[in-house]
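Residue-level structural notes
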Amino acid sequence: MHTLCARGTMKPEITAAVGFLSRFLRVKGHVNDRQVQTFNQSLQDILSEQYKHHWFPDRPCKGSGYRCIRINHKMDPLVGQAGQRIGLTIQQLYQLLPSELTLWVDPFEVSYRIGEDGSICVLYESQPCPVGMPTMATALSPSGNSGSGGPMVDSHISCKEEMMVMGRSSPSKSYNMMTVSS
C-alpha cells in the first residue's frame, strides 16, 4: 500500500479549513468572488499567525483545543475578524455559516462536525513522512480514497479518536466517522 505523508507544515491544513469555510460564503451568496478571496487570504493569514507557536507535528493532539474553530451561540473570533475585513457583520456570518460548527485544524488532519450530535467528517488527511521521504498529502473523497483514485490512507489515531478512546468525547455520544472531498 502506498502511504501518503506530509512534513508537518500547517499550510495544507489551514488551506483545507479555510477553503471549507469559504465555500459556505460562496454557496449562500451575497458575497462576491473578490470578497471570498479576501476572506480566504485573511483567514489563512490570521490562522497561520495564531497557530505558529501551537503547531506540534511530532505531537498532533497537543494544542488541538487551541486550534479548534468553533461556531455555536458565539462566533469564533478569528472567523469574525476575517469576516469583518470584507465588511460582514457577525450577524451576517451567522446567516452564511452553519449555526453549530466545530472545525479541528491539527497537524496531518482537518475534520469538522456540524451540529452537536453530527458525525465527524475528515476534510484533509496525511501521514507524517519519515525523514528523506517525498512529501505528499490528499483531500479525501467520500469513499475514503484520494481524488486520483489512489489507495486509502493508512489509519492512525487522530486527536478526536484519542479523545473518544480516553472517554473525553464531547458530546458523550459515539461518532460515525466518514470522509468527504473538499
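Residues numbered from 1 in each chain as written. Predicted model: local features only at pLDDT ≥ 70, side-chain atom pairs only at ≥ 80, totals over all residues. Heavy atoms only, no water.

Brief notes about the packing of helix α2 (residues 33-51) against helix α4 (residues 77-85)
When two helices pack together, their arrangement is given by the angle between their axes and by how far apart the axes lie. Close contact between α2 and α4 brings their axes to 9 Å; oriented N to C, the two are set at 145°. The element α2 and its partner α4 pack so that their crossing is right-handed. Across the interface between the two elements, F39, S42, L43, I46, L47 and Q50 from α2 touch L78, V79, Q81, A82, G83 and R85 from α4. Residues belonging to the contact of α2 with α4 are distributed by class as follows: seven nonpolar, four polar and one charged. (Axes fitted to C-alpha atoms, helices over the stretch in contact; angles between N-to-C directions. Helix = DSSP H or I, 4+ residues; strand = E, 2+ residues; numbered from the N terminus. Left-handed = near helix turned anticlockwise from the far one by under 90°. Contact = heavy atoms within 4.5 Å. Nonpolar A, V, L, I, M, F, W, Y, C, P; charged D, E, K, R; others polar.)

Observations concerning the pattern of salt bridges
Opposite charge on two side chains lets them pair, provided their charged atoms get close. Under the definition given, this model contains six salt bridges. Here E116 makes a salt bridge to R70, at a shortest N to O gap of 2.1 Å. With E116 in the loop between β3 (109-114) and β4 (120-125) and R70 in strand β1 (residues 69-71), this residue pair connects regions lying 46 residues apart in the sequence. One network of salt bridges, with partners in common, ties together R70, E100, R113 and E116. (Salt bridge = Lys/Arg side-chain N within 4 Å of Asp/Glu carboxyl O.)

Focus: the pairing of β4
For β4, the tally of buried residues reaches six of six residues, placing the bulk of the element in the interior. Examined bridge by bridge, β3 and β4 share five bridges and lie antiparallel to one another. For Y112, the partnering residue across the bridge sits in β4 and is C121. If you look at the hairpin formed by β3 and β4, you'll find five residues sitting between the two strands, and G115 has a positive phi there, around 85°. (Buried < 20%, exposed > 50% of the residue type's maximum accessible area, 1.4 Å probe, protein only. Pairing = 2+ DSSP bridges.)

Description of the pairing of strand β2 (residues 101-106)
On a regular strand, one side chain projects to one face of the sheet and the next to the other, so that they alternate. The buried fraction of β2 amounts to six of the six residues, a majority that puts the element mostly inside the structure. In the sheet, β1 pairs with β2 via three bridges, with the strands oriented antiparallel. Looking at β2, one finds that R70 is bridged to T102. Summarising the sheet, β2 and β3 pair through six bridges and their orientation is antiparallel. Bridge pairing in β3 links T102 to R113. Here β2 folds back onto β3 in antiparallel fashion, the turn holding two residues, of which F108 has a positive phi close to 75°.

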